[in-house]
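Inside the fold
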Amino acid sequence: NYDVDGIHLDYIRYPGADYCFSPATRSFFEKSVGSPVKDWPAAVRSGGRLQDEFQRWRAEQITSFVRLAHDEIKAINPKIKLSAAVYSSYPNVIKSIGQNWGLWLKEGYVDFVCPMNYTTDPSAFSQMCRRQLALPGARGRVYPGLGVTADESQLTPDQVIEEINLLRK
């Protein structure tokens, strides 16, 4: 019986650069380019003649979903916050997993993002945070995540405190 304060998109991405080559994906992509792709999926895989176009198209599919989610949520209640868990290495993640989260911030499709800045290296953590906070529209809307128990980083209590202090700076 509680009001909804927010909706968090936790896995709003492709699993990796080599996804998805299903018949449905092929059909929608061919419709977007206006012609059949005879050498599917080789043409859209790494090194293929349509690789760049396919990567842009995939990212637009994710962005379209985020935009639609935003519009639907805000139509119901403009106070509901929309957020997303995002990979830290923007803009590289546009090509690899289809997450154009810098655009989502800039265009206001999300209220905030939570970059997964999972590392045990304080210098790398600081660099990630500075790079993310410098993006257009990021001010006050980027909440970096710490990799306390993540697969890629197991932080000790002292490391957690150090990363929190780095964030505060």
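The model shown is predicted, which means the values in this text are computed figures rather than measured ones.

1. Focus: the overall build of the protein
Helices and strands together make up the secondary structure of the protein, namely 6 helices and 6 strands. Along its sequence from the N terminus, the protein presents helices and strands in the succession β-α-α-β-α-α-β-α-β-β-β-α. Taken along its principal axes, the extent of the C-alpha atoms in the protein is 55 × 40 × 30 Å. Taking all 169 residues of the protein together, the buried fraction comes to 42%. In the protein, the share of contacts with a sequence separation of at least 24, taken over all contacts with a separation of at least 6, comes to 64%. Counting only carbon and sulfur atoms, one obtains 53% of the accessible surface of the protein, whose full area is about 10000 Å². In the protein, the 20 positive side-chain charges and the 19 negative ones have mean positions that sit 6 Å from each other.

2. A word on the layout of surface pockets
Empty space left among the atoms is revealed by rolling a probe the size of a water molecule over them. Taken as a whole, the largest pocket spans an internal volume of roughly 180 Å³. Taken together, Phe125, Ser126, Cys129, Arg130, Leu133, Val142, Tyr143, Pro144, Leu166, Leu167 and Lys169 form the lining of the largest pocket. Within the residue set of the lining of the largest pocket, elements represented by two or more residues are helix H5 (122-133) and helix H6 (157-168). Element by element, the count of residues in the lining of the largest pocket is highest for H5, at 5 residues. Looking at side-chain class alone, the lining of the largest pocket contains 8 nonpolar, 1 polar and 2 charged residues.

3. So, the packing of H5 against H6
Here H5 crosses H6 at 30 degrees, and the two axes come no closer than 10 Å. Judged on the interaxial angle alone, H6 and H5 are roughly parallel. Every pair of crossing elements has a handedness; the one defined by H5 and H6 is right-handed. Note on element contacts: H6 touches H5 through Glu162, Glu163, Leu166 and Leu167, opposite Pro122, Phe125, Ser126 and Cys129. In the contact of H5 with H6, the residues fall into 5 nonpolar, 1 polar and 2 charged.

4. Concerning unusual backbone geometry
Going from Trp40 to Pro41, the amide bond is cis rather than trans, its omega being -5 degrees. Within the element layout of this structure, Pro41 appears in the loop between helix H1 (23-33) and helix H2 (51-76). Of the consecutive residues Tyr90 and Pro91, the connecting peptide bond is found in the cis state with omega at 10 degrees. Along the chain, Pro91 turns up in the loop between strand E2 (81-87) and helix H3 (92-97).

5. Description of the nonpolar core
One finds Ile12, Val66, Trp101, Trp104, Leu105, Val110 and Val113 to be the most contacted residues of the largest nonpolar core, which totals 25 residues. Elements with a minimum of two residues in this core: H2, E2, H3 and helix H4 (101-107). At 5 residues, the largest contribution of residues to this core is made by H2. Beyond its immediate chain neighbours, meaning those up to four positions away, Ile12 contacts Ile62, Phe65, Val66, Ala84, Ala85, Gln99 and Trp104. Membership of the second largest hydrophobic core comes to 9 residues, among which are Phe29, Val37, Trp40 and Val44.

Cut-off values and rules
- Residues numbered from 1 in each chain as written.
- Predicted model: local features only at pLDDT ≥ 70, side-chain atom pairs only at ≥ 80, totals over all residues.
- Heavy atoms only, no water.
- Helix = DSSP H or I, 4+ residues; strand = E, 2+ residues; numbered from the N terminus.
- Buried < 20%, exposed > 50% of the residue type's maximum accessible area, 1.4 Å probe, protein only.
- Contact = heavy atoms within 4.5 Å.
- Areas by Shrake-Rupley, 256 points an atom, 1.4 Å probe, with all protein chains shown as cover.
- Lys, Arg positive; Asp, Glu negative; His and termini not counted.
- Charge placed at Lys NZ, Arg CZ, Asp CG, Glu CD.
- 1 Å grid on protein atoms, 1.4 Å probe; cavity = no way out; pocket = protein on both sides within 12 Å on 5 of 7 lines; lining within 4 Å.
- Points joined across faces, edges and corners; volume = space filled by probe spheres on them.
- Nonpolar A, V, L, I, M, F, W, Y, C, P; charged D, E, K, R; others polar.
- Axes fitted to C-alpha atoms, helices over the stretch in contact; angles between N-to-C directions.
- Parallel < 35°, antiparallel > 145°, perpendicular 65-115°, else oblique.
- Left-handed = near helix turned anticlockwise from the far one by under 90°.
- Core = buried A, V, L, I, M, F, W, Y, C linked by side-chain atoms within 4.5 Å.

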